[in-house]
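# An overview of the molecular structure
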Amino acid sequence: PLNITATTYNPENKDICAATEVTEARGVIKGVVHDGKSYKLNGVAGNAGLFSDIYGLVNFCQMMLNDGTFRKDDSPSPVPFLRKKLLGRTRKLQQ
């Protein structure tokens, strides 16, 4: 529904990916997961390693900004609920 066609783990065409890190050991990391745990899992993990082209990313962001709808005829979305429940939380120590 979002016309996202190039979003994947371990992309074959690494040229569509932005560089994510530069390290002494691995150099410029582009199209390869830079998270250490995900890297050890061959780049497929729930916490890191998902790559997309700019078109897919723009469509996804537009859907999020529109409360989960991409087109006017989209069905109801869970995005407003998720935004309310998840985005208000922070990672800090409670006092």
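What this report covers is the structure whose coordinates are included nearby.

Turning to the side chain of serine 38, a few remarks are in order. Summarising the element assignment, serine 38 is placed in helix H1 (residues 36-40). There is a polar contact of 3.4 Å between the side chain of serine 38 and the backbone oxygen of alanine 48. Residues in contact with serine 38, not counting those within four places in the same chain, are Val33, Gly43, Val44, Ala45, Asn47, Ala48 and Gly49.

Here the focus is the pairing of strand E3 (residues 27-30). Successive side chains on a regular strand alternate, one facing one side of the sheet and the next facing the other. The pairing of strand E2 (residues 19-23) with E3 spans 4 bridges and is classified as antiparallel. Its bridge partner being in E3, threonine 23 is matched across the sheet by glycine 27. In this structure, the hairpin formed by E2 and E3 is closed by a connection of 3 residues.

Glycine aside, negative phi is the norm for most residues, and most peptide bonds take the trans geometry. If you check the backbone angles, asparagine 3 has positive phi at about 55° while not being a glycine. Turning to its location among the elements, asparagine 3 is positioned in the segment before strand E1 (8-9). Accessibility expressed as a relative area gives 53% for asparagine 3, which makes it exposed. One non-glycine residue, asparagine 10, adopts positive backbone phi at about 50°.

Attention now goes to a nonpolar patch on the surface. Taken together, the side chains of Ile54, Tyr55, Leu57 and Val58 define a hydrophobic patch exposed on the protein surface, amounting to about 440 Å² of accessible area. On the secondary structure map, isoleucine 54 appears in helix H2 (residues 54-65). Overall, isoleucine 54 belongs to the exposed group, its relative accessible area being 52%.

Right, let's get into the environment of serine 52. One can find serine 52 in the loop between strand E4 (50-51) and H2. Along the chain, serine 52 and lysine 14 lie 38 residues apart, while their C-alpha atoms are 9.9 Å from each other. Separated by 2.6 Å, the side chains of serine 52 and threonine 7 make a polar contact.

Attention shifts here to H2. Since the α-helix turns once every 3.6 residues, residues separated by three or four places project in the same direction. With 12 residues, H2 extends 16 Å between its outermost C-alpha atoms, agreeing within 8% with the 16 Å of an ideal straight helix rising 1.5 Å per residue. Among all positions in H2, only Gly56, Asn59 and Met63 are buried. One face of H2 carries all of its buried residues, which in axial projection span an arc of 65°. Along H2, the residues that are exposed and aim more than 90 degrees away from the buried face are Ile54 and Leu65. Looking one or two residues beyond H2, the residue adopting positive phi is aspartate 67, at roughly 55°.

About the cut-offs
Residues numbered from 1 in each chain as written. Predicted model: local features only at pLDDT ≥ 70, side-chain atom pairs only at ≥ 80, totals over all residues. Heavy atoms only, no water. Helix = DSSP H or I, 4+ residues; strand = E, 2+ residues; numbered from the N terminus. Polar contact = N/O pair within 3.5 Å; in protein donor to acceptor, adjacent residues only side chain to side chain. Contact = heavy atoms within 4.5 Å. Pairing = 2+ DSSP bridges. Buried < 20%, exposed > 50% of the residue type's maximum accessible area, 1.4 Å probe, protein only. Patch = residues over 30% accessible without salt bridge, like charges linked within 9 Å, V, L, I, M, F, W, Y side chains within 5 Å. Areas by Shrake-Rupley, 256 points an atom, 1.4 Å probe, with all protein chains shown as cover. Salt bridge = Lys/Arg side-chain N within 4 Å of Asp/Glu carboxyl O. Expected span 1.5 Å × (residues − 1). Arc of directions from axis to C-beta.

The values are spatial; any link to function lies outside them.
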